[in-house]
Amino acid sequence: MTPSTAETVLFWVLAPIMVLAASGLLFARKAVHAALCVITVMISLAFLYVAQEAPFLGVVQVVVYTGAVMMLFLFVLMLVGVDASDSLVETLKGQRWVGWLAALGLGVVLVGVVGRATYPDAVGLAEANAPGNPTGVARIIFGQHVFGLEVVGALLVTAALGALVLTHRQRLKPLVKQPERAAARVAAGARLTPLPAPGVYARHNAMDVPALDPDGNPIDESVPRVLRIRGQEAGTAEYRADTYRRAVTAVLAERGTAVTDGEVDAALGTVEDDPRPAAAPPGTTTGPTADIDLGGGSTRTETER
Amino acid sequence: MTATLAAVLPTALPAAAADGGAADFSQDVFWVWLLKAVGILVFLLLSVLIAIWFERRVVGRMQLRPGPNVHGPFGLFQSLADAMKLLLKEDVTVKAADKLVYLVAPFIAVFCSLLTMAVIPFGPEVSIFGVVTPLQLTDFPVAVLYILACASVGVYGIVLGGWSSNSTYPLLGAVRSTAQVISYELAMGLSLVSVFILAGSMSTSEIVASQTTVWWLIPLAPAFVIYVISMVGETNRLPFDLPEAEGELVGGYTTEYSSMKFAWFFLAEYINMLNVSAVATTLFFGGWRAPWPLSWIGDGVLNTGWWPLLWFVAKVWLFMFLFVWIRGTLLRFRYDQFMKFGWKVLIPSALVWLVCVAVVQGVRQFGGADVMAMLPWLGGAILVIVALSFLIPEKKAAAPAAPSDEPFDAFAGGFPVPPLPGQSLPPSPRARLRAAAADAAPASPALVGGPATDQGADGDAPESPTQEVPRG
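Quantities reported herein were computed from a predicted structural model and do not represent experimental measurements.

### Some words on the overall build of chain B
A count of helical and extended segments in chain B gives 16 helices and two strands. Residues classed as buried in chain B amount to 40% of the 472 residues present.

### Some words on the nonpolar core
Formed by 126 residues in total, the largest nonpolar core has its most connected members in A:V59 and B:L145. If we ignore the near neighbours within four places in the chain, the residues touching B:L145 are A:V59, A:V60, A:V63 and B:M202.

### Overview of the environment of B:A209
Among the structural elements, B:A209 can be located in helix α8 (residues 204-209). A count of 18 C-beta atoms within 10 Å places B:A209 in the partly exposed class.

### Side note on the environment of B:V279
With respect to the helices, strands and loops of the structure, B:V279 is situated in helix α11 (residues 259-284). Residue class for B:V279 comes out buried when judged on the 25 C-beta atoms lying within 10 Å of it.

### What to know about the packing of helix α7 (residues 168-199) of chain B against helix α14 (residues 335-366) of chain B
All names here are of chain B. As a packed pair, α7 and α14 sit with axes 9 Å apart at the nearest point and diverge in direction by 15°. In terms of orientation, α7 and α14 fall into the roughly parallel class. Crossing of α7 against α14: the hand is left-handed. Counted by class, the contact of α7 with α14 contains 19 nonpolar, five polar and one charged residues.

### Things to note about the confidence of the model for chain A
All names here are of chain A. Across chain A, the average pLDDT comes to 78, with 78% of residues at 70 or higher. Looking across chain A, the model is least confident in helix α11 (residues 261-268), with a mean pLDDT of 65, and most confident in helix α4 (residues 95-116), with 92. Within the model, pLDDT remains below 50 along residues 282-305, and this stretch shows 40 contacts once partners closer than five positions in the same chain are excluded.

### A closer look at helix α1 (residues 5-27) of chain A
Structurally, the α-helix is built with 3.6 residues per turn, so residues lying three or four positions apart point the same way. Taking 1.5 Å of rise per residue, 23 residues should cover 33 Å, and α1(A) covers 33 Å from first to last C-alpha, within 8% of that figure. When we look at burial in α1(A), the residues that qualify are A:L10, A:M18 and A:A21.

Rules and cut-offs
For every chain, the first residue of its written sequence is number 1, and the numbers climb from 1 along that sequence. Chain A is the first chain written and ligand 1 is the first ligand written, with later ones labelled in order. Selection of residues for local features in this predicted model requires a pLDDT of at least 70, selection of side-chain atom pairs for listing and counting requires 80 or more, and totals for whole chains, interfaces and linings are taken over all residues. Helix numbering and strand numbering both begin at the N terminus, where a helix is a DSSP run of H or I of at least 4 residues and a strand a DSSP run of E of at least 2. Partly exposed residues are those whose C-beta has more than 12 but fewer than 20 other C-beta atoms within 10 Å; 20 or more makes a residue buried and 12 or fewer makes it exposed, with C-beta atoms placed from the backbone. The nonpolar core criterion groups buried Ala, Val, Leu, Ile, Met, Phe, Trp, Tyr and Cys residues into a set whenever they are joined through C-beta atoms within 7 Å. We call two residues in contact whenever the C-beta atoms placed from their backbones are within 7 Å. To get an axis, a line is fitted to the C-alpha atoms, and for a helix only the part in contact is used. The angle between two axes follows their N-to-C directions and goes from 0 to 180 degrees. Small angles under 35 degrees read as roughly parallel and large ones over 145 as roughly antiparallel, with 65 to 115 read as roughly perpendicular and the rest as oblique. Left-handed describes a crossing in which the near helix is turned anticlockwise from the far one by less than a right angle; the clockwise case is right-handed. Residue polarity follows a fixed list, in which Ala, Val, Leu, Ile, Met, Phe, Trp, Tyr, Cys and Pro are nonpolar, Asp, Glu, Lys and Arg are charged, and the others, Gly among them, are polar. As a per-residue measure, pLDDT reflects the predictor's confidence and takes values from 0 up to 100. Each helix should span, by expectation, one fewer than its residue count multiplied by 1.5 Å.

In structure tokens form, the structure reads like this:
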């Protein structure tokens, strides 16, 4: 039976891709790229299966191998990486010999079975797929090969249990969960709410300016700790909307006096901000300890200190 | 690109096209495939534009605000404006990124999401320019498995996007997403298997054909519930949107993506919502079949021609509304709760349900029993199970705390606590003062506060309710 034109075209499109991807597996420098190459080969293979009228096999290949097995593989590659070296110390004495014996036994069985098996004539696709492709596959798996399937299933379950047992660790300390953590935080008298966000000013809203509390005092904790330790905290007066200063300037200008910055400052009183604190040695928190004088023009309510 | 590939696919698969379940594709020619593929693409892209607007409007209504209402009638062009904004934004490629994978990841996500609709039946046979053809691009005996396969390959987009950004939050988002999709795909697959068992096929058109008398929603209600839960988990939507949890992971796997590359991910998420809604419609809601009272009109005339397209789209949007409703109602799960729910609740219950369905179907098929004849037995079995469940000793409720006679310690355990049953609050300092004042001067009204001996620290605090302290 000669393949149809479409099938030939599909083959010649997929074959070079698969060969390239397969050699990519050998030559890729990064493990994730190699894994991607394997995925490409698997999906192309699935296309070929479907083209050869084995849609069930093709789709299951993608669902099981590409979707689950390869995904887990990639998962481990990303999380652990390939640098993690295995310990080569043998903990089970004599396992090598048992392994060789088992391998030899398996080889003998395989050679014996394959050598003695008789192959019936091929029945052809039409007859094999007569009850529908999935139904045909199901008849073979759950009819002729049901015992083999059950044995392989038992083996897989054993392997999964083995993985569970090998990776199991005894819990040495009691599990600390959310309620315990919350109780500990309350008992310690620590802050219960999230830290306040940094301030937003007319001319600046980066993380280095503190927010103001209802009294108009800067909240030190609203600036990230790292910036405070580095001494990169900015003052607040530097960035506040300077409406009052502008108003004073306008009033002075209206009176017909030539206005200089010095005069405005004199009219306002001092508005100088605290200078930026110098970088502190790591491990200490710095930042304005006293209230920053926002000048008389701030709209905050006066409070007793 | 997708359209052409989807169109070429049937040509490459003559067997699959010929073996199309209940749908007959034998009349199809090249331009019909092309037309259907382009039609699906246009339907998906338009639906995404509408879905974004729809979601924002409905969530807005649920939160008592109007939602987008500026651009176009009812704000309909808002999504267009958003799309234009994304197109014109600066396209940042992270310096430390793995360039190739970083570029390819969004395409994988979108490409795989576009594939699913190829096997969804939009309607029965119609005549397109003289060619009688089913309103479905293609169908084959393992169509529903194909949908699962596309979904599982689509996750690679998310995983690779998160990894290639070479940044912490995207990687964490990608890892979460992988674990999430793998765990919820199991429950989803198991719930779909019960439909396969009853319908006797995995081809979408045959599953729709098998729901002529009753939608699978009714006999398979538990499987439907499991499917709905896992479809929300599969599409990374609230309350299961842990891969992109803003409070924890900034933007999850999309953190380092901007402009059009971000838009691809966004598009894929919404197309996936449409996909899982369409699958739920096809497998549980009778596909394109008219809902019950309408199906009686004119001897089923509403189930022929182009009418079913309307029912199909209406049912899909019903599920889209469900998505939005859930988003507007539920809070995000914590990650460990989410995993526990998937592995310890959803998968076991899906397995139990699957065994029940398999047993009933086995008795029907091999024992030759009729469903109606089996109903009393089934009812009896359920009654016995319910009766047995009463024999299980109830978990002892924690004994009510005995009224404690210990003196009340307001700071037991180090932080302020209310009194336990049996304990009583000590009188407040203010009440004590009032009592003392009443004792000291029983005859005259206490205009001046009591003795300022024990509350001296609070200089300006009112020491008694009757004393007025002028406040500045």
